[in-house]
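Here is how the chains run, residue by residue.
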Amino acid sequence: MAAQVTAFKRLEYNVCGELLLKNVLQVGQAFRWILEEETGHYYTTMMIPTISVSSGIVILRQTDDSVVEYAYSHEKWTSEQVERHLFSYFRLDIRLLEVHEKEWKLTDPNFAHVSTQGVRILAQEPWETLVSFICSSNNNISRITKMCHGLAENFGTQVGKYCGTVLYSFPTSEQILENGTEDQLRKLGFGYRAKYIMETAKAVVAEKKKHGLDYDYQLLEQMTTRGQSYEMSREYLMQFTGVGPKVADCVCLMGLRMDHVVPVDVHIGRIAKRDYNITATKKELAELKSEYNNLPITRKKVNLELDHIRRQLFEKWGTYAGWAQGILFFKEVGSTNGSTSEGKIKKRKLEKTTEVTPIDDKTFLKLKVAKVEA
DNA sequence: ACAGACCCTACAGG
DNA sequence: ACCTGTAGGGTCT
C-alpha cells in the first residue's frame, strides 16, 4: 500500500545560492536519498526525534535556484515541524554566501575563484551517520549507497511505499544486533565491514544500557556534544570498531554539527599538498603526538601527518572549515567520480534482491492510499 | 612505526 | 564479448 503523502509546500526560505539539492543529497554525504528522475523528486525516510522516534517519509524538489518544496508522510508530523526540521537538517541558520565572502575569501586566496555551488553540510542523525561512514572506508559512493539501503531494507522498520518503492527506516543498533549477523552482512555485500557494523551495534547497545539511554541519537549526542570538547568526542567515537579518525571526523561534522571539523581523506590530503603546500615538520608532528598523550584511543589510531593537515586547514578556514572542505571535496570529485549518476542508484536499488525481515506489527505504520500531488 | 591485507564491484583499458 | 587490472571519502594487525 502506498503512503499517504501531503501536498508539496514551499520552504519559507530563499535558498538562492545557499542550497542546491543535487550538490548536497547525492555526493557522498547522505546515502539514502533516492532521486526519481522523471520528476526530480528526492525522497527518503528520516526521524524527527523531537516529535517521534518513528521515521516518516520526506520528499523534496527544487523547482528553482531559490525554491525548495517539501512533502511528507507521518501521522504525527505537522508541516511547521517538518519545515523546522528541514531548516535544521540543511543548517539554513548558516549563511553560506556570507561565510564565503567574509571568512574564506579573506583568509584563503583559493576561494576567490571557487564558488560554493549550493554545497552545504547536513545535520544528519548521528547513529546513521556513524554507520554510513563505517561503510565508507576504502569504498566508493555507489556501493556505500547500496549498503545503507541494504541495512534499512533488511533490518529497518517498514515506513511506507512511495513511487513504487517500499521504504524502511534506518535500523537502530538493537535492530542490527538482534536480527543481523556478520555472515548475513557479508552476503549483503559489506565485505570486511560486516564485522565493524556488528561490533559497533553491539557496543552501542551496551553503551546505551550503561548510560540509561533509550535511543542511539541520545547516546551519541550526549557522549559527544554535551559539554565535550571536539577532541573528547572524537576519542569517544573512535572506541568503536571500524571508526578511525576520518570516520569520527565525518560523524562530528555531518552528524554532530561541528562545523569546524575537517575530515581528511585521500582527496583532501591531495588538495592540501597540491593547492596549499601543506607539509609537517618533525617538530610539529612531535608536538601533535604529545598532545594526544591523555587520549589513548586517539593516540593509537591517529595518523599524525593527516592530523597536521586537518589542523592547518582548520586554521586557514576557521569556524566553518568543515564546510570549506565540503566545497573543495565536491569540486575535486563530486562532479565526476563521486557523483554516482542518480539513475544508477535508483536502478541498482530496484535490481537489488535481498531477503527482507518480517515487519514488526507493533511498529509498522499503517498508512493509507497515496494521494500525491503531481 | 609501517606496510599489507582486507571485501566487493564499477569502471577502464586491452 | 570477455578479460584483467585498478581504485574507491580507511581501518586493523
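Per an unreviewed UniProt entry, chain A goes by the name DNA-(apurinic or apyrimidinic site) lyase and belongs to Huiozyma naganishii. The record in UniProt for chain A states the following under Sequence similarities (unreviewed entry): "Belongs to the type-1 OGG1 family." Among the UniProt annotations of chain A, the heading Catalytic activity (unreviewed entry) holds the following wording: "2'-deoxyribonucleotide-(2'-deoxyribose 5'-phosphate)-2'-deoxyribonucleotide-DNA = a 3'-end 2'-deoxyribonucleotide-(2,3-dehydro-2,3-deoxyribose 5'-phosphate)-DNA + a 5'-end 5'-phospho-2'-deoxyribonucleoside-DNA + H(+)".

Caption draft 1: Examining the nonpolar core more closely. Ranked by size, the top nonpolar core spans 71 residues in total, and within it Trp104, Phe111, Trp127, Leu185, Phe190, Val243 and Trp317 carry the most contacts. Counting residues in hydrophobic clusters, the runner-up holds 25 residues, among them Val15, Leu19, Leu21 and Tyr72.

Caption draft 2: Inspection of the side chain of Asn23 at higher detail. Positionally, Asn23 belongs in the loop between strand S1 (9–10) and strand S2 (34–36). Using a relative accessible area of 6% as the deciding quantity, one classes Asn23 as buried. At 2.8 Å, the side chain of Asn23 and the backbone oxygen of Gln117 are in polar contact.

Caption draft 3: Layout of the environment of Arg143. In this fold, Arg143 is placed in helix H4 (residues 141–155). Judged by its relative accessible area of 30%, Arg143 is partly exposed. Between the C-alpha atom of Arg143 and that of Tyr320, which follows or precedes it by 177 residues, the distance is 29 Å. Filtering out sequence-adjacent residues up to four positions away, Arg143 remains in contact with Gly189, Phe190, Gly191 and Arg193.

Caption draft 4: Looking closely at the protein's contact with DNA strand C. Surrounding DNA strand C, one finds 25 residues, the nearest of these being Gly28, Tyr192, Gly242, Asp265 and Gln325. By atom count, sugar and phosphate contribute 58% of the portion of DNA strand C lying within 4 Å of the protein. A distance of 2.7 Å is found between a base nitrogen of DNA strand C and a backbone nitrogen or oxygen belonging to Gly28. Within the contact set of DNA strand C, a phosphate oxygen lies 2.7 Å away from a backbone nitrogen or oxygen of Gly242. By residue number, the principal contributor to the surface near DNA strand C is helix H10 (residues 245–254), which donates four residues.

Conventions used here
- Residues numbered from 1 in each chain as written.
- Chains lettered and ligands numbered in written order.
- Predicted model: local features only at pLDDT ≥ 70, side-chain atom pairs only at ≥ 80, totals over all residues.
- Heavy atoms only, no water.
- UniProt positions renumbered as here; feature names shortened; annotations may be inferred.
- Core = buried A, V, L, I, M, F, W, Y, C linked by side-chain atoms within 4.5 Å.
- Buried < 20%, exposed > 50% of the residue type's maximum accessible area, 1.4 Å probe, protein only.
- Helix = DSSP H or I, 4+ residues; strand = E, 2+ residues; numbered from the N terminus.
- Polar contact = N/O pair within 3.5 Å; in protein donor to acceptor, adjacent residues only side chain to side chain.
- Contact = heavy atoms within 4.5 Å.
- Near = heavy atom within 4 Å.

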